[in-house]
Every structure is written in C-alpha cells, then in structure tokens.
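Single-letter residue listing:
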Amino acid sequence: MKIDPKSFEGFNRVLTGVVVPRPIAFVSTRSKSGVANLAPFSFYNAISYDPPMIVVSAARKADWKEKDTLTNIEDTGEFVVNVVVDDIAEAMNTTAAEFPTDVDEFEIAGLTQAPSDIVAAPRVAESPVNMECRLDQVVTIGSGDKEHGLIIGEIVLMHVRDDIISGHRINHDVLKPVGRLAGNMYCYTHDSYQMVRPVYKP
Ligand SMILES: Cc1cc2nc3c(=O)[nH]c(=O)nc-3n(C[C@H](O)[C@H](O)[C@H](O)COP(=O)(O)O)c2cc1C
C-alpha cells in the first residue's frame, strides 16, 4: 500500500502509528498572569547535546482555544519538561483535556508544584526528571487552523532524582519512562536489550 498524506483521510493516525514509541514531554509553564499550566506533548525529542536543546511541537489551536502551553512559552520564554513515568501516566492523561486558560492542571491532576531554580515555571514534584528550559525560538509550521509552533528550547538546568542516576548512567528500571504509541495506546519500557555499536576500522 502506498499512502499519499494529502489524500489519505486520517493520515495523522497512520503517522503517529509508525513513529513509535515517542517520548512524552510533560510541559509545565506559568502564564503572564501567574497561572500554572501543565500538558503532555509527544511530538518531542532531544536534538543536540551541546548546546543542550530539545524540541516540542504544539498545534497552535485545539478545537476552540489557543493551546496555553505555546502561548505561555511565547509570552514568558520559559518552561519545564518533566519526564512521564508509570506512576504519573494517568495524571498526565488527565491534564490533556482542553481546560480553560485560567485552570491550573496541577490541581486537576493532583500533582504538586515544586519551585524551579532558574525559570518561573514550576516543576512537577512527582516526576523524577525535570528540565528547566529557556526558549530559543518558535518555528511556525503550517498555517491557519493547521498552524503549529515548533518550540526549540535550551536546557538550563536538569533535576534528576538521586536513585535513578549513577555517574552518567540512568537506571531505566527505576525511572520507568512511558512511551506513546498511536491514539490511546502507550507502552512500558522495561523490556530492553543491549546492542553494541560497531566501530569502523579502516
Ligand atoms: C500523550 C499525549 C501527547 C500529546 N501530544 C501532543 C503534541 O505533540 N502536540 C500537541 O499539539 N498536542 C498534543 N497533545 C494534546 C495536548 O496535550 C492537549 O491539547 C492539551 O490540552 C494542551 O493543553 P494546553 O492548552 O494547556 O497547552 C497530546 C496529548 C496526549 C494525551
């Protein structure tokens, strides 16, 4: 089967079904007026070590409103990416409904705000890894109802819970990050294996 994205109805479901598993950025921000906001984004990845940059893609609008995450990041230039782990997967999902701008999703999800060291946006205390980020740039993709903001941010401080890191090594059996598949499907990451990368010897 060959699929032309322009004519295949529901292509989004095919795309998110094959680009898997995706990490989930649980993004916390604070609005200009001080309201905390929290929402998940799985169009997300790390894109460079030095400078240490990450990217998150947010549709500009949901059905009836602008996405608060994108607005707050554009207004304040700051955000935190919290890693989604098994223990907070359901809480993460709770925050994904399109709540009005003045609603604090920390309260809705029963999660705790922890102060950040550098940025004004709060961290999710229940997440074992929080990355304080400063906005580098927002690249606009698409237009009209299909506009997205590609948020490129620099990590200015990373908080890592002591029991998951040893030297440089993150223990994934303790971290238990959640992977996103298509639609409402997710995956665990505890069934991992090792494959040694070859070295080219001329
Ligand atoms: C696991 C998961 C991943 C999501 N990934 C994205 C994404 O990559 N981009 C996006 O625009 N919306 C994504 N959403 C939807 C947003 O989380 C949702 O629109 C949310 O209400 C936005 O909140 P905000 O208005 O507070 O920013 C995702 C939802 C879930 C449950």
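What you are looking at is a predicted structure, and each value in this text was computed from that prediction instead of being measured.

Cut-offs used in this document
Residues numbered from 1 in each chain as written. Predicted model: local features only at pLDDT ≥ 70, side-chain atom pairs only at ≥ 80, totals over all residues. Heavy atoms only, no water. Helix = DSSP H or I, 4+ residues; strand = E, 2+ residues; numbered from the N terminus. Buried < 20%, exposed > 50% of the residue type's maximum accessible area, 1.4 Å probe, protein only. Near = heavy atom within 4 Å. Polar contact = N/O pair within 3.5 Å; in protein donor to acceptor, adjacent residues only side chain to side chain. 1 Å grid on protein atoms, 1.4 Å probe; cavity = no way out; pocket = protein on both sides within 12 Å on 5 of 7 lines; lining within 4 Å. Sits in = over half its atoms within 2 Å of the grid points. Pairing = 2+ DSSP bridges. Axes fitted to C-alpha atoms, helices over the stretch in contact; angles between N-to-C directions. Contact = heavy atoms within 4.5 Å.

Chemist: Quick question: what am I supposed to make of unusual backbone geometry here?
Modeler: Residues other than glycine predominantly adopt negative phi, and peptide bonds predominantly adopt the trans conformation. Pro21 follows Val20 through a cis peptide bond whose omega is -15°. Mapped onto the elements, Pro21 comes out in the loop between α1 (11-18) and β1 (25-30). A cis geometry characterises the amide bond from Asp50 onward to Pro51, with omega recorded as 5°. On the secondary structure map, Pro51 appears in the loop between β3 (44-48) and β4 (53-59). Even without glycine at this site, Lys176 takes up a positive phi of about 55°. Looking at Lys176, the relative accessible area reads 41%, which means it is partly exposed.

Chemist: Would you mind showing me how to read the site of the ligand here?
Modeler: Asn37, Pro40, Lys67, Thr69 and Glu98 are the nearest of the 20 residues found near the ligand. Between an oxygen atom of the ligand and a main-chain N or O atom of Pro40, the distance comes to 2.7 Å. Interatomic distance of 3.2 Å between a backbone N/O atom of Ala97 and an oxygen atom of the ligand. At a threshold of 2 Å from the grid points, most atoms of the ligand map onto the largest pocket. Secondary structure elements with two or more residues in the shell around the ligand: β2 (36-41), β4 and α2 (68-76).

Chemist: Looking at this structure, I do not really get the sheet that holds β4. What am I missing?
Modeler: Think of a sheet as strands paired side by side through backbone hydrogen bonds, with each pair either parallel or antiparallel. If you trace the 7 strands from one edge of the open sheet to the other, you get β2-β1-β5-β8-β9-β4-β3, paired in antiparallel fashion. At either end of the open sheet lies a strand with only one pairing partner, and these are β2 and β3. Each strand axis lies, on average, 35° off the axis of its neighbour in the sheet, ignoring direction. Against the sheet, α2 makes contact with β1, β2, β4, β5 (78-83), β8 (129-141) and β9 (148-160), and its axis sits at roughly 55° relative to β1, the strand it touches most.

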